[in-house]
Amino acid sequence: MAGNDWISSYLEAILDVGPGIDEAKSSFLLRERGHFSPTRYFVEEVITGYDESDLHRSWIRAAATRGPKERNTRLENMCWRIWNLARKKKQLEGEEAQRNAKRRLECERGRKEATADMSEDLSEGEKGEFPGDVSSHGDSVQGRMHRIVSVNLMENLANQLKERKLYIVLHGLIRGENMELGRDSDTGGQVKYVVELARALGTMPGVYRVDLLTRQVSDPDVDWSYAEPTEMLSPRTTENSIQELGESSGAYIIRIPFGPKDKYIPKELLWPHIPEFVDYALSHIRQMSKVLGEQIGGGQPVWPVAIHGHYADAGDSAALLSGALNVPMIFTGHSLGRDKLEQILKQGRQSREEINTTYKIMRRIEAEELSLDASEIVITSTRQEIEEQWRLYDGFDPVLERKLRARIRRGVKCHGRFMPRMVVIPPGMEFHHIVPHDEDMDGDMERNEENPTPDPPIWSEVMRFFTNPRKPMILALARPDPKKNITTLVKAFGECRPLRELANLTLIMGNRENIDEMSGTNATVLLSILKLIDKYDLYGQVAYPKHHKQYEVPDIYGLAAKTKGVFINPAFIEPFGLTLIEAAAYGLPVVATKNGGPVDIHKVLDNGVLVDPHDQQSIADALLKLVSDKQLWARCRQNGLKNIHQFSWPEHCKTYLSRIAMCKPRQPQWQRSDLGFENPEPNSPGDSLRDIHDLSLNLKLSLDGEKSEGTGTLDSYLDSIDRKSNMENAYLKSSKGTIGGAEKASLVEKAEQIVSGNKCLAMRMRKYIYVIAVDCDSTSDIPRIMKAVMDVAGKESLVGFILSTSLSISEVHSLLISGSISPLDFDAFICNSGGELYYPLTSSEDNTGLPFMVDTDYQSHIEYRWGGEGLRKTLVRWATSVNDKNGEIVSEDESRSTVHCYAFNVKEPELVPPIKELQKLIRIQALRCNVIYCQNGSTLNVIPILASRAQALRYLYIRWGMELSNSVIFAGECGDTDYEALLGGVHKTVLLKGIGNTALKLHSSRIYPLEHVLPSDSPNILLAEECSTKDIRSSLRKLGVIED
């Protein structure tokens, strides 16, 4: 037809998209009454599939154009837009398919290499006695509890936890009452789950206190309750009351102030502020450990038994807190980043880069990978989450996990490999207040005529929409999010006349004031629903109230049950399914998606029908079947009520606590030390060494044995340390001829720790600690920078110094000598990128002949999951593969390697795979560690997962009380690949201009952009124009560290 050339292009676009549509859907979309319908195709596939609202507006304008020439021109332009969208979608699908194929090959190769390393015969493990189960970290759980199935076993667990109590830290953006679920995408069902879990755990026997940590928000646009520092979670019932009541017992929400003040921001913008949250959370935990120690610990600190992170950002926080405290970590993902990335990519609207810009998705995925590295247990609500979502991650392979578990059970070495234990624990619910309605609407109306009682206000708010409110109600409760699939539900209802005649539809889609003020995605979905209601003329049959309170949700379920209605969850994927449990508790049969949590829930409750959320007809058929068949409806109702107790919070908590009891107890290692740095005992009887200990550590005694007034200055205290050190050395010298070899070695080691302890205890009394953490282009520049920083402090004894570097301790010693700097000028040395921690000694009588002493407590602290020789072999194999391709460019550096740091030299950094590729390789093989490119990529340090330069500072805070808020970190404009971790937190930072700029190339191929995690607007970070004493002093003055 003349003037209609656009049709050819339109058809070409349709044919081009064809292979991406399955047969059933293709026939449904493209044909209507036996004829091709371009309009239907456009609406169903383009508008719905691509979510391009501007295309819909263009379509309306084109169709309304009267002139045929102008109309054809408009339609032709639209055609090309459609065609380009289709091409883009196919291109993105092709790129993702190639990426997935590559990943499958990498996983298979990594699995084979790991299996080859673990080639020992499993029969080796049969020589000893091994239990039938293992703890999540791979150790035996002989003598521990497996699963709590009776009251007696629960009492046993309470007795186990009685001495150390259960102190669990949780994270989220929440409040205890009137939760605003659906307020935004960050306030979903997981918020309610976290609150109720904390509340329920607080009532369990043996649990003394539960702290739920979240962000304090003082934004005038949110309720004032989110700014309250502390909120106690009152128990819903007294059935499981706390057996040991105390001043600080129970469950609490603790709100930590971090991030932008007076501003509520979405989770995607919180990443730069996570370190600040961790530092403040550590302060709270440390203070609370002392409080609980006075109440229930006999004066000894009571540390958390476990730290549980919920969602990716909390998992990242929990990993850092767990590492700093050396306590077990538990993780629940709720919604996983890799799964979300795949779902968005399938829609074809955005590229991977665009998705990352919007959602910071790669930072979220890395946080989830880190959570796998650090967690003892990963709790999921369904097996589908394990088999289809977690297996997308480098750090978890179901096949390799089963092999590792089999080896552990039989006592065979795993060569440093580890997989967290995946545990399915269905969500819980409190049922004590629920009374299912047994009467229908007619019976209830007759009863109300005799004994009139007012109906809940929300009932009238819903029923005002209906022409016939007595019909059974189909209830959907979800925010207007595309993944909740509400539009398909409305279409199914609108196109099934028998269903419309038998039932009403109620859509509870959160709260809204004005559609124009809603987020773009939610507003688009809501507008689509309103248009569908108008299209099918569903007025009088569909309710969509604008407001409801959280406490009114039970009344909404009750109304649906009273009308003998049905609850439906048609989401494309439902990872949790808490609303299904709630509906069953009120006696409602359910229709639910067959993807995700509802599958496991349905196996237990057997109270409804599972459907394909993409199949509109099957949704309509399932709803019609339950509404029309009264016997089936009654049977589903009874099944749900009969089995619902299996999802109660007490049952959930029993299983949860039994899993925690299977974890190997971990706590700060020095608490077991007999040196007692934390709690010196004055006038304690003992041998001469203890007498020296008392003289060294007890500030209430002077050297001559007389009581001091305790009013000395830090200068006099530090002078006394030097005198005490001389006395201790004299004691050791006089003892050499009278003490046996082993005993002498032990006493020497303890005495050296006392000398170190004196120096480290001084950190508590420092007004400021200057941490020199510059990663220079040349190591020869480091002494110059150290002197510049030290010159600012002058002779001020209130300022201490710590050197934080990727260099080994021998290299540090050489640098100090070259710069004529005494080791005693420093309080500590963080070496090997955080793999080692040293203190200066007054003599060089250690094993290395250097005037430093290693912190053995720190070594024990970071030992967790260190791969050891198995990791070293993997790294050597990786280096060999790189050398095979590019020549001898990577070599192991045995001189710089230590017990907790494997070092490699790199000749040509530009030819070595980026850090993300090596980290991926290591995770695929079930090894857990931190990988850092240092010194402009010329060296590579591999250290334990709990070790880093930033974490070493947190260790010093917990160990010695070094205040992080009084620390000042001096760093360059860029640095090693661990550079970002040094900038965030409560400390102050001075960036030295021009230092470390050449290291920018190390960050060019990161997993996520550096700007996504740097707190660029932080008032605690300043740039010094030059690396000079004058400019450094000026920066410190602006930060308020020094006075004018």
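This structure is a prediction, so every number in the text was calculated from the model and none was measured.

### Description of the sheet that holds strand S24 (residues 929–934)
So, point 1. The four strands are arranged S22-S23-S25-S24 in an open sheet whose pairing can be described as antiparallel. Both edges of this open sheet fall to strand S22 (890–892) and S24, since each of them pairs with a single strand only. Across the sheet, the mean angle separating the axes of adjacent strands is 25 degrees when strand polarity is ignored.
So, point 2. Across three bridges, S22 lies against strand S23 (residues 902–906) in antiparallel orientation. The residue bridging serine 891 from the neighbouring strand is asparagine 905, located in S23.
So, point 3. Running over the sheet, helix H33 (residues 915–924) touches S24 and strand S25 (939–944) and is turned about 155 degrees from S24.

### Points about the sheet that holds strand S27 (residues 988–992)
So, point 1. Taken together, eight strands build an open sheet; the order of strands is S21-S20-S19-S18-S17-S26-S27-S28 and the sheet is mixed. Since the sheet does not close on itself, it has two edges, and those belong to strand S21 (852–854) and strand S28 (1021–1024), each with one partner. Strand-to-strand, the axes of this sheet are offset by a mean angle of 25 degrees, without reference to chain direction.
So, point 2. As paired strands, strand S26 (residues 967–972) and S27 are joined by five bridges and run parallel to one another. Bridging across to S27, alanine 971 finds its partner in leucine 991.
So, point 3. Sitting on the sheet, helix H29 (residues 782–793) is in contact with strand S17 (768–772), strand S18 (799–804), S26 and S27, with an inclination near 165 degrees to S18.
So, point 4. Packed on one face of the sheet, helix H36 (residues 1029–1038) meets S17, S26, S27 and S28 and runs near 160 degrees to S28.

### What to know about the packing of helix H23 (residues 616–628) against helix H24 (residues 630–643)
Relative placement of two packed helices is described by the angle separating their axes and the distance separating the axes.
So, point 1. It is at 5 Å that the axes of H23 and H24 come closest, and there the two elements cross at 95 degrees. Relative to H24, H23 is oriented roughly perpendicular. In this structure, H23 uses Lys625, Leu626, Val627 and Ser628 to contact H24, whose residues at the interface are Lys630, Leu632, Trp633 and Cys636.
So, point 2. Among the residues forming the contact of H23 with H24, the class breakdown is five nonpolar, one polar and two charged.

### A short note on the side chain of arginine 479
So, point 1. Looking at where arginine 479 falls in the secondary structure, it is placed in the loop between strand S11 (473–477) and helix H17 (486–495).
So, point 2. Judged by its relative accessible area of 15%, arginine 479 is buried.
So, point 3. Setting aside anything within four residues of it in sequence, one finds arginine 479 in contact with Gly182, Asp184, Ser185, Gly188, Lys484, Ile486 and Met509.

### Thoughts on empty space enclosed by the protein
So, point 1. Following the criterion strictly, the structure yields twelve cavities of 30 Å³ or more and no others.
So, point 2. Lining the largest cavity are 43 residues, with Leu370, Asn930, Glu980, Ala981 and Tyr1008 positioned closest to its centre.
So, point 3. The set of elements that each furnish at least two residues to the lining of the largest cavity consists of helix H8 (274–296), helix H9 (312–325), helix H12 (361–374), H33, S24, helix H34 (949–960) and helix H35 (979–983).
So, point 4. It is H12 that provides the largest number of residues to the lining of the largest cavity, a total of five residues.

### Describing the packing of H8 against H34
So, point 1. Two elements in contact, H8 and H34, have axes whose closest approach is 11 Å; the angle formed by their N-to-C orientations is 15 degrees. Looking at the two axes, H8 sits roughly parallel to H34. Both H8 and H34 take part in a crossing whose hand is right-handed. In contact with Pro275, Val278, Asp279, Leu282, Ser283 and Arg286 of H8, H34 contributes Arg954, Tyr957 and Ile958.
So, point 2. Each residue belonging to the contact of H8 with H34 can be placed in one class, and the counts come to five nonpolar, one polar and three charged.

### Structural notes on the nonpolar core
The tendency in soluble globular proteins is for nonpolar side chains to be buried as a group.
So, point 1. Membership of the largest hydrophobic core comes to 94 residues, with the highest contact counts inside it found for Trp390, Ile802, Tyr839, Leu953 and Leu956.
So, point 2. For leucine 956, the residues in contact, after removing those within four places along its chain, are Met763, Ile802, Ala828, Leu837, Tyr839, Gly961 and Met962.
So, point 3. Listed in part, the 71 residues of the second largest apolar core include Val542, Tyr544, Ala592 and Trp633.

### Description of the pairing of S27
So, point 1. Within S27, five of the five residues are buried, which leaves it mostly tucked inside the rest of the structure.
So, point 2. A two-sided burial pattern is seen for S27, the buried positions comprising Lys988, Val990 and Leu992 on one face and Thr989 and Leu991 on the other.
So, point 3. Relative to S28, S27 runs parallel, the two being bridged by four bridges. Across the sheet, residue threonine 989 finds its bridge partner in S28, namely isoleucine 1021.

### Some words on the packing of aromatic side chains
So, point 1. Under the counting rule described, the total for this entry stands at 15 aromatic pairs.
So, point 2. Pairing tyrosine 770 with phenylalanine 801 gives two aromatic rings, centres 5.8 Å apart and planes at 75 degrees, and the pair type is edge-to-face. Remark: phenylalanine 801 occurs in strand S18 and tyrosine 770 occurs in strand S17; sequence separation between them is 31 residues.
So, point 3. For tyrosine 770, a relative accessible area of 2% gives the class buried.
So, point 4. Put simply, the rings of Tyr770, Phe801, Phe826, Phe829, Phe852 and Phe970 pair up and form one aromatic cluster.
So, point 5. Geometry around tyrosine 393 places arginine 338 over its ring, the cationic atom sitting 5.3 Å from the centre.
So, point 6. The positively charged end of arginine 959 is found above the aromatic ring belonging to tryptophan 960, 4.3 Å away from the centroid.

### Here we look at the confidence of the model for the protein
So, point 1. Per-residue confidence for the protein gives a mean pLDDT of 79, with 75% of residues at or over 70.
So, point 2. Every residue in residues 121–151 scores below 50 in pLDDT, and together they form 71 contacts with partners more than four places removed in sequence or on other chains.
So, point 3. A low-confidence stretch, residues 671–745 (pLDDT under 50), is modelled with 93 contacts involving residues beyond four sequence positions or located in other chains.

### Quick look at the pattern of salt bridges
So, point 1. Under the defined criterion, the tally for this structure stands at 37 salt bridges.
So, point 2. For the salt bridge of lysine 192 with glutamate 582, the shortest nitrogen-to-oxygen distance reads 2.6 Å. Within this pair, whereas lysine 192 is found in helix H7 (residues 189–201), its partner glutamate 582 is found in helix H21 (residues 578–585), the two being separated by 390 residues in sequence. Of the two residues, lysine 192 and glutamate 582, both sit in the buried class.

Conventions and cut-offs
- Residues numbered from 1 in each chain as written.
- Predicted model: local features only at pLDDT ≥ 70, side-chain atom pairs only at ≥ 80, totals over all residues.
- Heavy atoms only, no water.
- Pairing = 2+ DSSP bridges.
- Helix = DSSP H or I, 4+ residues; strand = E, 2+ residues; numbered from the N terminus.
- Axes fitted to C-alpha atoms, helices over the stretch in contact; angles between N-to-C directions.
- Contact = heavy atoms within 4.5 Å.
- Parallel < 35°, antiparallel > 145°, perpendicular 65-115°, else oblique.
- Nonpolar A, V, L, I, M, F, W, Y, C, P; charged D, E, K, R; others polar.
- Buried < 20%, exposed > 50% of the residue type's maximum accessible area, 1.4 Å probe, protein only.
- 1 Å grid on protein atoms, 1.4 Å probe; cavity = no way out; pocket = protein on both sides within 12 Å on 5 of 7 lines; lining within 4 Å.
- Points joined across faces, edges and corners; volume = space filled by probe spheres on them.
- Left-handed = near helix turned anticlockwise from the far one by under 90°.
- Core = buried A, V, L, I, M, F, W, Y, C linked by side-chain atoms within 4.5 Å.
- Phe/Tyr/Trp six-rings, centres within 6.5 Å; stacked < 30°, edge-to-face > 60°.
- Lys NZ or Arg CZ within 6 Å of the ring centre and 35° of its normal.
- pLDDT = per-residue confidence, 0-100.
- Salt bridge = Lys/Arg side-chain N within 4 Å of Asp/Glu carboxyl O.

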